[in-house]
Structures are given as C-alpha cells and as structure tokens.
Amino acid sequence: MQKAAEFFKINEKGLNFLMKVSDLAKMDNVSTRTICRRAEEIEKLIPDRYPEGSVIYTGNRRSEMDLYVYQDYKRQRGKLMNPLARKYVKPYSANEMALICPVIERVVVMTEE
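Nothing here was measured: the structure is a model prediction, and the numbers come from that model.

The number of helices and strands found in the protein is 4 helices and 5 strands. The N-to-C order of helical and strand elements in the protein reads β-β-α-α-β-β-α-α-β. Within the span of the protein, comprising 113 residues, buried residues form 35% of the whole. Sequence-distant contacts in the protein: of pairs separated by 6 or more residues, those separated by 24 or more amount to 69%.

This is how it looks when you write it as structure tokens:
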C-alpha cells in the first residue's frame, strides 16, 4: 500500500520564480493585457532596478515574468512612475520580497508500506 506524505516547501532564497502571464493575471484578478502593460513598464527599469531575465519572451510575446519583480513593482509603482519620488524607493531585493510574499510549493512524496 502506498502512503502519501504531503508537505509544503517555501522558496526563501529569493531566486527568480517565473510565472506565466496568464497565471499572474488570475492571481491578481486583472486581464493579461494589464500584466503585459506592467511588463513593458518593468522592462524600462531592468538595467537600473531589476535583474536581467525578469521578463521572458516566447517569440515576440511576453510569456513569463518573475513573481518577486512583479510584486515589488506593484507595491512601488506609484513612486517609480514619479521621477521625483523614484530616488526615495529602496533598491530591489529578491530576498526581501521572498520574506514578504513567500512562494509555497506543494510537494507530495509517495512511499511504500
């Protein structure tokens, strides 16, 4: 008989956690076009604030985006859009964002008894 042990693993390392644009839209209750517009705004900040690889393309369409970058941008968007307030925003830290919104992965382990 197989027994399923289920536990949750939290990604606390702050590494890139890429999510599909459609999944981000469902998570945030917005349209995919809104996510793509925000991705365009994030791309303008990539060399200065966010790391390379924050927005991934498949062909000419945005297919995946880093969850931590998206959450940080969503929280700081008002300040980042304002050129005068931009200098008062703390630098982006993936480790800090991982503590604020940890990614929980469901892991199921099957064992024989």
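Below, the discussion takes up the packing of helix H2 (residues 32-45) against helix H3 (residues 67-81). In the contact formed by H2 and H3, the axes pass within 11 Å of each other and the chain directions differ by 75°. In terms of axis orientation, H2 runs roughly perpendicular to H3. The residues of H3 that touch H2, namely those facing Ile 35, Arg 38, Glu 41, Ile 42 and Leu 45, are Val 69, Tyr 70, Tyr 73, Lys 74, Arg 77, Leu 80 and Met 81. In terms of residue class, the contact of H2 with H3 is built from 8 nonpolar, no polar and 4 charged.

For the structure on display, the rule yields 1 aromatic pair. Geometrically, the ring pair formed by Tyr 50 and Tyr 92 is edge-to-face, given 5.2 Å between the ring centres and 70° between the ring planes. Remark: Tyr 92 occurs in the loop between H3 and helix H4 (94-100) and Tyr 50 occurs in the loop between H2 and strand S3 (55-58); sequence separation between them is 42 residues. Grouping residues by exposure puts Tyr 50 and Tyr 92 together as buried.

Overall, the coordinates contain 6 salt bridges when judged by the stated rule. Arg 33 serves as the salt-bridge partner of Glu 40, at 3.7 Å between the closest nitrogen and oxygen. Given a relative accessible area of 41%, Arg 33 falls into the partly exposed group. Of the charged contacts, one joins Glu 43 and Arg 62 as a salt bridge, the two residues approaching to 3.7 Å between their closest N and O atoms. With a gap of 19 residues between them, Glu 43 in helix H2 and Arg 62 in strand S4 (residues 61-66) connect regions that are remote in the sequence. One salt-bridge network, held together by shared partners, links Arg 33, Glu 40, Glu 43 and Arg 62.

A separate point is the sheet that holds S4. Sheet architecture is open: 3 strands sit in the order S2-S4-S3, paired in antiparallel fashion. Only two strands of the sheet have a single neighbouring strand rather than two, namely strand S2 (18-20) and S3. The sheet shows a mean angle of 35° between the axes of neighbouring strands, taken without regard to direction. In this sheet, S4 lies alongside S3 in antiparallel orientation, the contact comprising 4 bridges. Paired with Thr 58 across the two strands is Arg 61, which belongs to S4. Running over the sheet, helix H1 (residues 21-28) touches S2 and S4 and is turned about 85° from S2. The strands touched by H3 are S2 and S4; relative to S4, the strand with the most contacts, the crossing angle is about 85°.

Cut-offs and rules
- Residues numbered from 1 in each chain as written.
- Predicted model: local features only at pLDDT ≥ 70, side-chain atom pairs only at ≥ 80, totals over all residues.
- Heavy atoms only, no water.
- Helix = DSSP H or I, 4+ residues; strand = E, 2+ residues; numbered from the N terminus.
- Buried < 20%, exposed > 50% of the residue type's maximum accessible area, 1.4 Å probe, protein only.
- Contact = heavy atoms within 4.5 Å.
- Axes fitted to C-alpha atoms, helices over the stretch in contact; angles between N-to-C directions.
- Parallel < 35°, antiparallel > 145°, perpendicular 65-115°, else oblique.
- Nonpolar A, V, L, I, M, F, W, Y, C, P; charged D, E, K, R; others polar.
- Phe/Tyr/Trp six-rings, centres within 6.5 Å; stacked < 30°, edge-to-face > 60°.
- Salt bridge = Lys/Arg side-chain N within 4 Å of Asp/Glu carboxyl O.
- Pairing = 2+ DSSP bridges.

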